[in-house]
Amino acid sequence: MRAAAVVMFQSLPYRRTGRCRNSLPLLLLLLLHTSLKATQAAKPKGPGHTHLNSIRIDGDISLGGLFPVHARGHDGKPCGELKKEKGIHRLEAMLFALDRINNDHNLLPNITLGARILDTCSRDTHALEQSLTFVQALIEKDGTDVKCLGGGAPIITKPERVVGVIGASSSSVSIMVANILRLFKIPQVSYASTAPELSDNTRYDFFSRVVPPDTYQAQAMVDIVKAMHWNYVSTVASEGNYGESGVDAFIQKSREDGGVCISQSVKIPREPKQGEFDKVIRRLRENPNARVVILFANEDDIRRLLHAAKKANQTGHFIWVGSDSWGSKISPVVQQEEMAEGAVTILPKRQSIKGFDRYFISRTLENNRRNIWFAEFWENNFNCKLSRHAVKKGSGLKKCTNQERIGKDSHYEQEGKVQFVIDAVYAMAHALHNMHQELCPGKVGLCARMDPVNGTHLLKHIRRLNFAGIAGNPVLFNENGDAPGRYEIYQYQIINQTAEYKIIGHWTDQLHLNVRSMQWPGGVRQIPSSICSQLCQPGERKKIVKGIPCCWHCERCDGYQYQADTYTCKMCRFDLRPNENHTGCVPIPIVKLEWSSPWAVIPVLVAIVGIMATVFVVVTFIRYNDTPIVKASGRELSYVLLTGIFLCYATTFLMISAPDVLICSLRRIFLGLGMSISYAALLTKTNRIYRIFEQGTMSVSAPRFISPASQLVITFTLASVQLIGVCIWFGVDPSKAIIDYEDQRTSNPVLARGVLKCDISDLSLICLLGYSMLLMVTCTVYAIKTRGVPETFNEAKPIGFTMYTTCIIWLAFIPIFFGTSQSTEKMYIQTTTLTISVSLSASVSLGLLYMPKVYVVLFHPEQNVPKRTRTLKAVVTAATMSNKFNPKAGLRPNGEAKTELCESLETQSFPTKQTYISYSNHAI
């Protein structure tokens, strides 16, 4: 019982004199009160005394130190293998800084800084347990129940008082420790913890750091990603505050800046199971477009992740962008250099400290006994064993000779955070110095006002610091205890089979990157892509995938749309069409019916032939104007009729000419006028014959208004109706030429054309021709009514054929004209159809009514002679009776009955003037 009590009592660091009576309840109370686990350390024996898991250096003021000397353990072990650079280098940097400060007569003169340095084993829970050592001296211990055998009071040596802590390295460890230290108002200055969470001054008010927080680092990494034109990346974080906070800061910054999206966000568990890293690689491979991987992971996780990627044969696929936990370290890339090639890493701006290099390479087992882990480092660094019994045959190990030298017999490169460890120690020293000058002015050594050191007061001096660090960079803190952001950008390159970290840029509030010095996997210089979607081609708009602004589908601006901007297609103006790649609009070509077009050549040829034929008939009639045949045809109305036929042919040229105000006006006037004159003259003639025979059956007197003058008046009166309508139309809607962009607006904009035409709609055209068609129908009615008149008097068959053929032509015209209204060839088909129909109507009238007369006049003049004259009554009666009893009477030559009728009319009705009545029916 007594032995156990003595062991437990000795676990608390106090010294006793004499033989004291042990009290088990008191010891248990003290153990519970301090909440400490027995440290299992031997009692101190003077300066430099070492504990099994800590380094203690005596001094007037003691600083705590937290370093990841060992990696995280596995299989229930708290600690794993030794960390040479991240652990030993940093620890020695603190010892180096303490030596410099203690030898500096201007900084804390006559005050010696001591230290209690602990190993966190890269595990936050273990670090928390170890850091309780720092607060032991602050807990009051009641020793009233402890009695010595002689009756005297025991002498209790309290543990050293830690006034400030340097560390920790990992953010998760710093967060865990900071929660304890703030309760006891112990300031803490970290040399490597960069988690953004630690900037919360309400929760971590006693925490400061000489490295910038990950918010700056995350911004720098976002700037790197954007400078490389990457917009689709994955993130990998080690579970814990550092990894998770770093990734959160990166994601937050990428959202604020825009243009970067996250494909996968993977978290590595704190205690990864077997195959966990293979699973991470499989997730990263789910989207092959996201080649860039943002890493906020600890050194061990980075190494194992690279190994898993190498095992998955992904060499050269992933582009790693590592945080300062990777920095320029060698250990994560050892034996997997090709897998890490091209990795871009970031590290707070630092310089190699030459003084530390000289200090460290001079360390030996003899002169560095204060570092209890240095022997282990020695074995690891030189691949040897200090104990002869530990050397086994075939193991490849040798016994250490103690003659090995760092940098000579082994590779040495200063770890990246050494500068910051030294700056952190100096920050604590400068704050203590300033505090001493304020509280103990003019006094040598510590004064009563600094015994003990007030943590809150010390923190104020830490936050006010602004001094030049070991590398010349300013060391200062903002209101949250953060250092300004200054980073160097590295890339891991393999040149001539030699791998190295090469500085490619720096970041101080903004990125400065030398892209030309960068080299990617395989030695290529072209920047690899890591984008969700390829850039859209010209004329394509981006359709963003919902929830992923960096991913989109490219949609073609089709039809008459053009690309207005990256995300929008707009319709071109009505008179424009998109250019070839749909990036803008160009004018739609203007077309009109050209004279060389087949659609124009045929109507023009027909019109020319018709005009020549019409002129030939007119010339023949003028030449034989006084012959019976010409007289019998009704010379005055024949000339008017031939004028209308001529205008019908001439209309073709107006319809094909390029539209302008004059041409459009002439079209309105003459398109319907020629047909109106023709049908008005023909209607007048047929009406006269009908009235003559109707009157002849009832009376011997001639009907009224059958003289040539009357016939002309009637004809021009009927034709004037057409002119009056056109004049009214001009008054309501003046004629003009327009460009119709809807007429040939095809689904394919390449074929779209603007049609230059007159402003005559299809309905207006029908109205324009409607009056002519009304006259035509009326003529047809009179032709049917006079079909009973003998051919000898009426030429019934030519008149009937003319009218029936004309009706068929215009009945065919209507479906063709309106049936092609939706055709892209509408302008050509409708114009050609209209002109051909008008020309055919004129040709039918000219051919059936006048060509037989011209033939008789020119080739059978013997039939063109006058006959005897009889009375109107006799002529009409004879014609009627002849038709009844002799159907072939119509074969009498020379149109004898017709001539007699004309002569009878001349004798009885017009004694002073000869009148010729024609039965001919004229149609277009």
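Residues numbered from 1 in each chain as written. Predicted model: local features only at pLDDT ≥ 70, side-chain atom pairs only at ≥ 80, totals over all residues. Heavy atoms only, no water.

**Observations concerning the overall build of the protein chain**
- Of regular secondary structure, the protein chain possesses 25 helices and 32 strands.
- The contacts in the protein chain between residues at least 6 apart in sequence include a share of 69% that link residues at least 24 apart.
- For the protein chain, the accessible area works out to roughly 41,700 Å², and carbon and sulfur atoms hold 56% of it. (Helix = DSSP H or I, 4+ residues; strand = E, 2+ residues; numbered from the N terminus. Contact = heavy atoms within 4.5 Å. Areas by Shrake-Rupley, 256 points an atom, 1.4 Å probe, with all protein chains shown as cover.)

**Digging into a nonpolar patch on the surface**
- On the surface, Phe616, Tyr855, Leu858 and Phe859 cluster together into a nonpolar patch covering about 410 Å² of accessible area.
- Ranked by residues supplied to the nonpolar patch, first place goes to helix H23 (residues 826-859) with 3 residues.
- As for its placement among the helices and strands, Phe616 is situated in helix H15 (residues 598-623). (Patch = residues over 30% accessible without salt bridge, like charges linked within 9 Å, V, L, I, M, F, W, Y side chains within 5 Å. Salt bridge = Lys/Arg side-chain N within 4 Å of Asp/Glu carboxyl O.)

**Digging into the packing of helix H8 (residues 276-284) against helix H9 (residues 299-311)**
- Packing of H8 against H9 brings their axes to within 9 Å, and their N-to-C directions diverge by 65 degrees. The way H8 lies across H9 gives a crossing that is right-handed. Contacts between H8 and H9 involve Phe277, Asp278, Val280 and Ile281 from the first element and Asp301, Arg304, Leu305, Ala308, Ala309 and Lys311 from the second. (Axes fitted to C-alpha atoms, helices over the stretch in contact; angles between N-to-C directions. Left-handed = near helix turned anticlockwise from the far one by under 90°.)

**Remarks on the state of the cysteines**
- For the structure shown, the criterion picks out 9 disulfides.
- Through a disulfide, Cys79 is tied to Cys121; the S-S separation comes to 1.6 Å. Taking the sign of the S-S torsion, about 75 degrees here, the bridge from Cys79 to Cys121 comes out right-handed. Of this pair, Cys79 sits in strand E6 (residues 79-82) while Cys121 sits in the loop between strand E7 (113-119) and helix H4 (124-131); the two residues are 42 residues apart in sequence, bridging distant segments of the chain.
- Residue class for Cys121 comes out buried when judged on its relative accessible area of 1%.
- The partner cysteine of Cys557 in its disulfide is Cys569, sulfur to sulfur 1.8 Å. Judged by the torsion about the S-S bond (-65 degrees), the Cys557/Cys569 disulfide is left-handed. In this pair, Cys557 is assigned in the loop between strand E25 (548-556) and strand E26 (561-565) and Cys569 in strand E27 (residues 568-571), connecting sequence segments 12 residues apart. Like Cys569, Cys557 is buried.
- Unpaired in terms of disulfides, Cys807 finds its nearest cysteine sulfur in Cys779, a separation of 9.7 Å. (Disulfide = S-S within 2.5 Å. Buried < 20%, exposed > 50% of the residue type's maximum accessible area, 1.4 Å probe, protein only.)

**Overview of the sheet that holds strand E15 (residues 319-322)**
- With mixed pairing, the 8 strands of this open sheet are ordered in space as E13-E12-E14-E15-E16-E21-E22-E23. Either end of the sheet is taken by a strand with one partner, and the two such strands are strand E13 (261-268) and strand E23 (511-513). Mean inter-strand twist for the sheet, computed between neighbouring axes without regard to direction, equals 25 degrees.
- Looking at chain direction, strand E12 (residues 232-238) and E13 are connected through 6 bridges and run parallel. (Pairing = 2+ DSSP bridges.)

**Some remarks on the sheet that holds strand E31 (residues 737-744)**
- Taken in spatial order, the 3 strands of this open sheet run E30-E32-E31, and their pairing is mixed. Strands with a single pairing partner mark the edges of an open sheet, and in this sheet they are strand E30 (590-591) and E31.
- Bridge analysis of E30 against strand E32 (residues 753-758) gives 2 bridges, and the strand direction is parallel. Residue pairing across strands places Ile590 opposite Gly754, the latter belonging to E32.

**Description of the environment of Leu91**
- By the element assignment, Leu91 lies in helix H3 (residues 84-102).
- Distance from Leu91 to Ile117, taken between C-alpha atoms, is 8.1 Å for residues 26 residues apart in sequence.

**Structural notes on helix H6 (residues 214-227)**
- Between its first and last C-alpha atoms H6 spans 19 Å; for 14 residues at 1.5 Å apiece the expected length is 20 Å, and the two agree.
- Across the 14 residues that make up H6, a large majority, 10, are buried.
- Among the residues making up H6, those that are buried are Asp214, Gln217, Ala218, Gln219, Ala220, Met221, Val222, Asp223, Ile224 and Val225.
- Of the residues flanking the end of H6, it is His229, one or two places downstream, whose phi is positive at about 60 degrees. (Expected span 1.5 Å × (residues − 1).)

**Description of unusual backbone geometry**
- Here Gly167 and Ala168 are connected by a cis peptide whose omega angle stands at 5 degrees.
- Relative to the helices and strands, Ala168 resides in the loop between strand E9 (162-166) and helix H5 (171-181).
- The linkage connecting Asp451 with the following residue, Pro452, adopts the cis geometry, with an omega of 5 degrees.
- Topologically, Pro452 is positioned in the loop between helix H13 (418-439) and helix H14 (455-463).
- Even without a glycine there, the phi angle at Asn383 is positive, about 55 degrees.

**Considerations on the pattern of salt bridges**
- Per the counting criterion, the structure on display carries 24 salt bridges.
- Arg541 serves as the salt-bridge partner of Glu555, at 2.9 Å between the closest nitrogen and oxygen. One end of the pair, Glu555, is in strand E25; the other, Arg541, is in strand E24 (residues 540-545), and 14 residues separate them in sequence.
- The exposure class assigned to Glu555 is partly exposed, which follows from its relative accessible area of 27%.

**Quick word on helix H17 (residues 635-656)**
- An ideal rise of 1.5 Å per residue puts 32 Å on 22 residues; H17 measures up with 33 Å between its terminal C-alpha atoms.
- The buried fraction of H17 is high, at 16 of 22 residues.

**Looking at the packing of H15 against H23**
- The N-to-C vectors of H15 and H23 enclose an angle of 25 degrees; their axes lie 9 Å apart at closest approach. One finds that H15 runs roughly parallel with respect to H23. In this structure, the crossing between H15 and H23 has a hand that is left-handed.
- Split into classes, the residues belonging to the contact of H15 with H23 amount to 17 nonpolar, 6 polar and 1 charged. (Parallel < 35°, antiparallel > 145°, perpendicular 65-115°, else oblique. Nonpolar A, V, L, I, M, F, W, Y, C, P; charged D, E, K, R; others polar.)

**Focus: the packing of aromatic side chains**
- Counted by the stated rule, this structure contains 21 aromatic pairs.
- Between Trp378 and Phe382, the aromatic rings sit 4.6 Å apart at their centres with planes inclined by 55 degrees, giving tilted as the arrangement. Note that Trp378 and Phe382 are positioned in helix H12 (residues 374-382) at a spacing of 4 residues, about one turn of the helix. Across this residue pair, the class does not change: Trp378 and Phe382 are buried.
- Centroid distance Phe621 to Tyr850: 5.5 Å. Interplanar angle 70 degrees. Geometry classified as edge-to-face. Of this pair, Phe621 sits in helix H15 while Tyr850 is found in helix H23, placing the two residues 229 residues apart along the sequence.
- The exposure class assigned to Phe621 is buried, which follows from its relative accessible area of 1%.
- Ring-pair connections join several aromatic residues into one group, and the members of that group are Phe96, Phe356, Tyr359, Phe360, Phe374, Phe377, Trp378, Phe382 and Tyr412. (Phe/Tyr/Trp six-rings, centres within 6.5 Å; stacked < 30°, edge-to-face > 60°.)

**Observations concerning the pairing of strand E22 (residues 498-507)**
- Sheet topology places strand E21 (residues 487-495) next to E22; 9 bridges connect them, and they run antiparallel. Its bridge partner being in E22, Tyr487 is matched across the sheet by Trp507.
- From the end of E21 to the start of E22, which pair antiparallel, there are 2 residues, and Asn496 there has a positive phi angle of about 55 degrees.
- Pairing between E22 and E23: 3 bridges, direction antiparallel.

**Some remarks on the confidence of the model for the protein chain**
- Of the residues in the protein chain, 83% have a pLDDT of 70 or more, and the chain-wide mean is 82.
- Of all secondary-structure elements in the protein chain, the lowest mean pLDDT belongs to helix H1 (residues 2-10), at 32, while strand E10 (residues 188-190) reaches the highest, 97.
- Per-residue pLDDT stays below 50 along residues 1-51; that stretch engages in 72 contacts with residues further than four places along the chain or on separate chains.
- When the criterion is pLDDT under 50, residues 881-924 qualifies, and its contacts beyond four places in sequence or with other chains add up to 141 contacts. (pLDDT = per-residue confidence, 0-100.)

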